[in-house]
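Secondary and tertiary structure notes
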Amino acid sequence: MNSNSKNLEIFIQAPDLQIPTRALTLTPNLTIRHLKQSFLSQITSIHQTLGSSSFFTLNGRLLPDSDTVENSGVTNSSTLSLRFRLPGGGGDGGATGAESRDCYLNMYADKKPDKVDPNEQRLSKWLNCALSNEPLKRPIVIDYLGNVFNKQALVEALLSKKLPKAFSHIKGLKDMISIELELIPGSGSGSDSDVKFQCPITGLEFNGKYKFYSLKSCGHVLSAKALKEVKSSTCHVCHKEFAESDKIVINGSESEVVALREKMEVEKSKLREKKVKKVKNGNLGVNGDSGVSNDGVQLSGSKHAIDLKAEKVSGKIETNGKGVNGSKVNGKNEAKRFKAADMAPPNANKEVYASIFTSSRKSDFKETYSCRSLPLGRN
């Protein structure tokens, strides 16, 4: 074996030739075509004829002749299979030019675009965002109907008011539930499309083959099998208490979605009734939704509630048994009107002192928009 550390040792099998598996040591920059020619020259004298109809595969994937070993994804100790194209048109790829089943399926999909692979559709629903169709990446949220979203995509659609009608029940952050999906170890090292999740208790994959629930109280996602086999009123991950109503099935069936929608409407109607009762009773708080002013005018919103509370507090500040505005603390007497004459200094004429700030007495002279006319004797 070559001592060069950059060389790769691979195994080649050729089932069609009925020869045992062979080990080869080669450099990563060697092309697949040269590798094929070198291997065939060792086992047969008619390698030139076989070379034009042969090809290498790695884990069922065709390796183009023009690619190098390194670019083809071949690593140390990989096993390559040498295959041969058969003549004729028996659906074996010889007449269609399809060297793998993927190519044949793609050709069939082009001819019949209305035929959608149900498995691919299922995987897309569980591994991609229901809004942007991008691979799921944290932070991840669900709505109260069990649809899964990338939070960033959902928030951007809300801000730009471009949310589809199917998700019109989502009005804001209160209609989202942040969830925690357990990542399969090693699955996040590749691209986002390779990210897969699993149940943290049973290890079942989050791929649509199994039913999963999200716990509204803590956000952890568990499989139905885990909740059934380990019966508990606490989350199996964080041990937080949850009720049966906190379970939201993810990507449920039509009947399950209908049940979740009815449950969501009932909760919203209860919340509206609670707000109406609060307004009627005149409940008031700093974070309250409504309040009633002193003169009986009904005010809504937290801003008015804070103003009203501040008004109540200001009337309770005592100064020698009286409020700031001169009224008594119990509020029985009306507020005394401020008069400048009452604040006159000692030995000062109150009428003269008051005239500095206001017109303390009526007169016959007339004021215009441009000037104030003065009484006779003063001009």
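Further remarks concern helix α1 (residues 32-43). In a regular helix each residue adds 1.5 Å, so twelve residues correspond to 16 Å; α1 covers 17 Å between its end C-alpha atoms and thus fits that length. Within the span of α1, buried status applies to I32, L35, K36, F39 and L40. Viewed along the axis of α1, the buried residues span an arc of 125 degrees, placing them on a single side of the element.

Of the volumes computed, that of the second largest pocket is approximately 290 Å³. Considering the residues around the second largest pocket, the lining is formed by Y144, K171, K174, D175, M264, E267, K268, L271, R272 and K275. A class-by-class count of the residues in the lining of the second largest pocket yields three nonpolar, no polar and seven charged.

Glancing now at the confidence of the model for the chain. Scored by pLDDT, the chain comes out at a mean of 74, with 65% of its residues at no less than 70. Throughout residues 308-329 the model reports pLDDT below 50, and contacts reaching past four residues in sequence, or to other chains, amount to 25 contacts.

Okay, empty space enclosed by the protein next. In the structure shown here, the tally under the stated rule is one cavity of 30 Å³ or more. Taken as a whole, the largest cavity spans an internal volume of roughly 50 Å³. Surrounding the largest cavity, Y144, K216, I248, L260, K263, M264 and E267 form its lining. Top contributing element to the lining of the largest cavity by residue count: helix α7 (residues 254-281), with four residues. Within the lining of the largest cavity, the residues separate by chemical class into four nonpolar, no polar and three charged.

On to the packing of aromatic side chains, then. Following the criterion strictly, the structure yields five aromatic pairs and no others. Relative to F206, the ring of W126 has its centre 4.8 Å away and its plane inclined at 70 degrees; by these criteria the two rings are edge-to-face. Of this pair, W126 sits in helix α4 (residues 118-127) while F206 sits in the loop between β10 (197-198) and β11 (212-215), and the two are 80 residues apart along the sequence. Take W126: its relative accessible area is 5%, and that puts it in the buried class.

A few words now on the sheet that holds strand β7 (residues 148-150). What holds strands together in a sheet is hydrogen bonding between their backbones, with the strands either parallel or antiparallel. Here three strands make up an open sheet; going across it, the order is β7-β6-β8 and the pairing antiparallel. Each edge of the open sheet carries a strand with a single partner, namely β7 and β8 (177-179). With strand direction ignored, the average angle separating the axes of adjacent strands in the sheet is 40 degrees. One ladder, built from three bridges, connects strand β6 (residues 140-142) with β7; its direction is antiparallel. Its bridge partner being in β7, I140 is matched across the sheet by N150. Helix-sheet contacts for helix α5 (residues 151-159) involve β6, β7 and β8, and the interaxial angle to β7 is about 80 degrees.

Turning our eyes to something else, we now look at the pattern of salt bridges. In the structure shown here, the tally under the stated rule is four salt bridges. The partner of K216 in a salt bridge is E267, and the shortest N-O contact between them spans 3.7 Å. On the criterion of sequence distance, the pair formed by K216 in the loop between β11 and β12 (221-223) and E267 in helix α7 is long-range, its members being 51 residues apart. What makes K216 partly exposed here is its relative accessible area of 26%.

Considering the arrangement of structural elements, one finds A341 in the loop between α8 (302-314) and α9 (350-357). Of the residues examined, A341 reaches a relative accessible area of 22% and is grouped as partly exposed. Between the C-alpha atoms of A341 and S355, which are 14 residues apart in sequence, the distance is 8.8 Å. Sequence-distant contacts of A341, that is, excluding residues within four places in its chain, are made with K350 and A354.

What counts and what doesn't
- Residues numbered from 1 in each chain as written.
- Predicted model: local features only at pLDDT ≥ 70, side-chain atom pairs only at ≥ 80, totals over all residues.
- Heavy atoms only, no water.
- Helix = DSSP H or I, 4+ residues; strand = E, 2+ residues; numbered from the N terminus.
- Expected span 1.5 Å × (residues − 1).
- Buried < 20%, exposed > 50% of the residue type's maximum accessible area, 1.4 Å probe, protein only.
- Arc of directions from axis to C-beta.
- 1 Å grid on protein atoms, 1.4 Å probe; cavity = no way out; pocket = protein on both sides within 12 Å on 5 of 7 lines; lining within 4 Å.
- Points joined across faces, edges and corners; volume = space filled by probe spheres on them.
- Nonpolar A, V, L, I, M, F, W, Y, C, P; charged D, E, K, R; others polar.
- pLDDT = per-residue confidence, 0-100.
- Contact = heavy atoms within 4.5 Å.
- Phe/Tyr/Trp six-rings, centres within 6.5 Å; stacked < 30°, edge-to-face > 60°.
- Pairing = 2+ DSSP bridges.
- Axes fitted to C-alpha atoms, helices over the stretch in contact; angles between N-to-C directions.
- Salt bridge = Lys/Arg side-chain N within 4 Å of Asp/Glu carboxyl O.

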